[in-house]
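This is what each chain is made of:
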Amino acid sequence: MLATVAFVGLVAFIGAPSALADGDRDCQGRIAKADHKLHEAEEHHGWNSRQAEHARHELHEARERCWKERHRWWDEDDHRWHSDRDWDDHDHDRH
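Bear in mind the structure is a predicted one, so any value in this text is a computation, not a measurement.

Conventions we followed
- Residues numbered from 1 in each chain as written.
- Predicted model: local features only at pLDDT ≥ 70, side-chain atom pairs only at ≥ 80, totals over all residues.
- Heavy atoms only, no water.
- Salt bridge = Lys/Arg side-chain N within 4 Å of Asp/Glu carboxyl O.
- Helix = DSSP H or I, 4+ residues; strand = E, 2+ residues; numbered from the N terminus.
- Buried < 20%, exposed > 50% of the residue type's maximum accessible area, 1.4 Å probe, protein only.
- pLDDT = per-residue confidence, 0-100.
- Contact = heavy atoms within 4.5 Å.
- Phe/Tyr/Trp six-rings, centres within 6.5 Å; stacked < 30°, edge-to-face > 60°.

Visitor: Honestly, the pattern of salt bridges in this entry has me stumped. Any pointers?
Guide: Two side chains bearing opposite charge may form a pair once their charged atoms approach each other closely. Scanning the entire structure with this criterion turns up seven salt bridges. Between Glu69 and Arg30 there is a salt bridge, with its nearest N and O atoms 3.2 Å apart. In this pair, Glu69 is assigned in helix α2 (residues 50–70) and Arg30 in helix α1 (residues 2–45), connecting sequence segments 39 residues apart. Assessed through its relative accessible area of 41%, Glu69 is described here as partly exposed. The salt bridge involving Arg85 is made with Glu64; its shortest N-O contact spans 2.4 Å. Of this pair, Arg85 sits in the segment after β2 (80–82) while Glu64 sits in helix α2; the two residues are 21 residues apart in sequence, bridging distant segments of the chain. The class for Arg85 is partly exposed, based on a relative accessible area of 47%. Among the residues examined, Glu64 registers a relative accessible area of 11% and is labelled buried. Through salt bridges with shared partners, one network takes in Asp24, Arg70 and Arg72.

Visitor: Sorry, what's going on with the confidence of the model for the chain here?
Guide: Detailed reading of the predicted model is not advised wherever pLDDT is low. Looking at the chain as a whole, its pLDDT mean stands at 83, while 74% of the residues score no less than 70. The weakest mean pLDDT in the chain belongs to α1 at 75; the strongest belongs to α2 at 96. Taken together, the stretch residues 15–19 has pLDDT below 50 and engages in one contact with residues farther than four places along the chain or on a different chain.

Visitor: Honestly, the packing of aromatic side chains in this entry has me stumped. Any pointers?
Guide: Here a ring pair, both rings aromatic, is described through the centre-centre distance and the interplanar angle of the planes. Applying the stated rule across the entire model yields two aromatic pairs. With centroids separated by 5.6 Å and ring planes inclined at 80 degrees, the aromatic side chains of Trp73 and Trp87 adopt a geometry described as edge-to-face. Highlighted residues: Trp73 in strand β1 (residues 73–75) and Trp87 in the segment after β2, separated in sequence by 14 residues. Both residues of the pair, Trp73 and Trp87, count as buried. Measuring from centroid to centroid gives 5.4 Å for Trp74 and Trp81, while their planes differ by 70 degrees, and the two rings are edge-to-face.

Visitor: Would you explain the environment of His60 in this entry?
Guide: Note on placement: His60 falls in helix α2. According to the relative accessible area criterion, His60 is partly exposed, its value standing at 22%. Along the primary structure His60 and Asp35 are separated by 25 residues, whereas in three dimensions their C-alpha atoms are 9.5 Å apart.

In structure tokens:
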């Protein structure tokens, strides 16, 4: 019985980092996709276009979701995680 409890505890302990990594990859992927869409919208429709503003909103939402879920967010431009809620919603503006 003790061996079974120890085994279950070990499996739970080993599975936790994997689940954490999956969540990080999901957040990173959502932010990277939103960031790419913003770059595309700005390139094709202009910096102040309705499409770019919508893409900025989507990027903000992706960052906000990661912050709420992970208490950190991925910076696609710097390729690093931030543990402070220090993003700028207009960090892609070129003005």
